[in-house]
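Understanding the architecture of this molecule
Here is what each chain is made of, one letter per residue.
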Amino acid sequence: MKISKKQVDKLWSEVVKARAGYKSEISNKTEHLHSHHLRGKSSYRLRYELENGVCCTAGEHFYGFHVTGRREGYEKMIASTRRKDLFEYLERLKWDVCKTDISAVYLYLNNELKKEKEKL
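Notes on the structure follow.

Conventions adopted
Residues numbered from 1 in each chain as written. Predicted model: local features only at pLDDT ≥ 70, side-chain atom pairs only at ≥ 80, totals over all residues. Heavy atoms only, no water. Axes fitted to C-alpha atoms, helices over the stretch in contact; angles between N-to-C directions. Helix = DSSP H or I, 4+ residues; strand = E, 2+ residues; numbered from the N terminus. Parallel < 35°, antiparallel > 145°, perpendicular 65-115°, else oblique. Contact = heavy atoms within 4.5 Å. Nonpolar A, V, L, I, M, F, W, Y, C, P; charged D, E, K, R; others polar. Core = buried A, V, L, I, M, F, W, Y, C linked by side-chain atoms within 4.5 Å. Buried < 20%, exposed > 50% of the residue type's maximum accessible area, 1.4 Å probe, protein only. Salt bridge = Lys/Arg side-chain N within 4 Å of Asp/Glu carboxyl O.

With that settled, consider the packing of helix α3 (residues 58-65) against helix α4 (residues 68-81). Relative to each other, α3 and α4 sit at 120°, their axes nearing to 8 Å. When the interaxial angle is binned, α3 and α4 end up oblique. Note on element contacts: α4 touches α3 through Arg70, Arg71, Tyr74, Glu75 and Ile78, opposite Glu60, Tyr63, Gly64 and Phe65. In the contact of α3 with α4, the residues fall into four nonpolar, one polar and four charged.

This is the structure in structure tokens:
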């Protein structure tokens, strides 16, 4: 079976939401959830990195993370609940050179989703 990037993107999004308990990491709301890449997804090293994802509502996504004046506050909030060096860590990862095996990433994310669902 050929795995597409679109399938893996969707799976990554689902794992990010499951890790957050299907609640926004900003407001704890449970409706209209999105998965946002904290440091972009153009880099394959970061695209499927779970630490690079945050679960948020649609409004928080578009009017918080994608509005320059609000982004910094949202990012500080996320870093304070996870790890203080989160953004430095993601920046270092971005420069790691590695080949991305999309099938292996799919298997990894599927496994992570199973683990997260067992916790719920």
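Val8, Trp12, Val15, Tyr48, Leu50 and Leu109 are the most contacted members of the largest nonpolar core, which totals 15 residues. If you list the elements that add at least two residues to this core, you get α1 (5-19) and α6 (102-119). In terms of residue count, the dominant contributor to this core is α1 (six residues). Here Leu109 is in contact with Val8, Leu11, Trp12, Val15, Tyr48 and Leu50, once residues within four sequence places are set aside. Listed in part, the 14 residues of the second largest apolar core include Val54, Cys56, Tyr74 and Tyr89.

Scanning all chains against the criterion turns up twelve salt bridges. Here Asp9 and Arg47 are joined by a salt bridge, their closest N and O atoms 2.8 Å apart. With Asp9 in helix α1 and Arg47 in helix α2 (residues 44-47), the pair connects residues that are 38 residues apart, well separated along the chain. On the basis of relative accessible area, Asp9 is assigned to the partly exposed category, the value being 22%. Judged by its relative accessible area of 10%, Arg47 is buried. The shortest N-O distance in the salt bridge between Lys94 and Glu91 comes to 3.3 Å. A residue pair is termed a helical-turn pair when its members lie 3 or 4 positions apart in one helix, as Lys94 and Glu91 do in helix α5 (residues 86-94) at three residues.

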